[in-house]
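In case you want the letters, here they are:
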Amino acid sequence: MSPTDATTTTSSNGQPGATLRGSLGEAGDHLKRAARDAGDAVKGAAGAAGDELRLGKAHVKSDLADSAIAGLTAAEQAGLAAREQADELMEKGRDLIDSAAELIRERPIAAFGAAFAAGWIISKLGSSNNR
């Protein structure tokens, strides 16, 4: 439509503003199409955002699962290390007991004297705290 068409206020049947009404109707149609296209775009964007959200959620779940597995592995390794340390301490304790038993068998009187002296010192330390 040209600018000269918009200035015409009478139609061929003699009704004033017919061209103006036609132009307004055409503008309304364009606005309806624009609104429909905008709605479609919003729906498409919402769908894409939903897809991205689902993908992000899957990535978060995967990362959390990996973290849990790594934590369990670390805990398992710590348990194994603690068990090894406990075994070593138990072995050292057994060696110490064996060494003490061997010393007692070799020198029973010296072992008795050492045990008596240790008991006497412990009793003196305990009785001095009570005063």
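Thresholds, definitions, all that
Residues numbered from 1 in each chain as written. Predicted model: local features only at pLDDT ≥ 70, side-chain atom pairs only at ≥ 80, totals over all residues. Heavy atoms only, no water. Helix = DSSP H or I, 4+ residues; strand = E, 2+ residues; numbered from the N terminus. Buried < 20%, exposed > 50% of the residue type's maximum accessible area, 1.4 Å probe, protein only. Areas by Shrake-Rupley, 256 points an atom, 1.4 Å probe, with all protein chains shown as cover. Phe/Tyr/Trp six-rings, centres within 6.5 Å; stacked < 30°, edge-to-face > 60°. Patch = residues over 30% accessible without salt bridge, like charges linked within 9 Å, V, L, I, M, F, W, Y side chains within 5 Å. Salt bridge = Lys/Arg side-chain N within 4 Å of Asp/Glu carboxyl O. Lys, Arg positive; Asp, Glu negative; His and termini not counted. Charge placed at Lys NZ, Arg CZ, Asp CG, Glu CD.

A. Inspection of the overall build of the protein chain at higher detail. Helix and strand content of the protein chain: three helices and zero strands. For the protein chain, the N- to C-terminal ordering of α and β elements is α-α-α. Looking at the protein chain as a whole, 3% of its 131 residues qualify as buried. By element, 64% of the accessible surface of the protein chain is carried by carbon and sulfur atoms, the whole surface being about 11000 Å².

B. Summary view of the packing of aromatic side chains. All told, the structure shown has one aromatic pair when counted by the stated rule. Centre to centre, the rings of Phe 112 and Phe 116 are 6.5 Å apart; their planes meet at 25°, and the pair counts as stacked. Here the residue Phe 112 and the residue Phe 116 both occupy positions in helix 3 (residues 108-130), the gap between them amounting to four residues, near one helical turn. Looking at Phe 112, the relative accessible area reads 61%, which means it is exposed. Looking at Phe 116, the relative accessible area reads 57%, which means it is exposed.

C. Fine view of a negative patch on the surface. A cluster of like negative charges, contributed by Asp 95, Asp 98, Glu 102 and Glu 106, occupies part of the molecular surface. Mapping Asp 98 onto the fold places it in helix 2 (residues 18-106). A relative accessible area of 48% means that Asp 98 is categorised as partly exposed.

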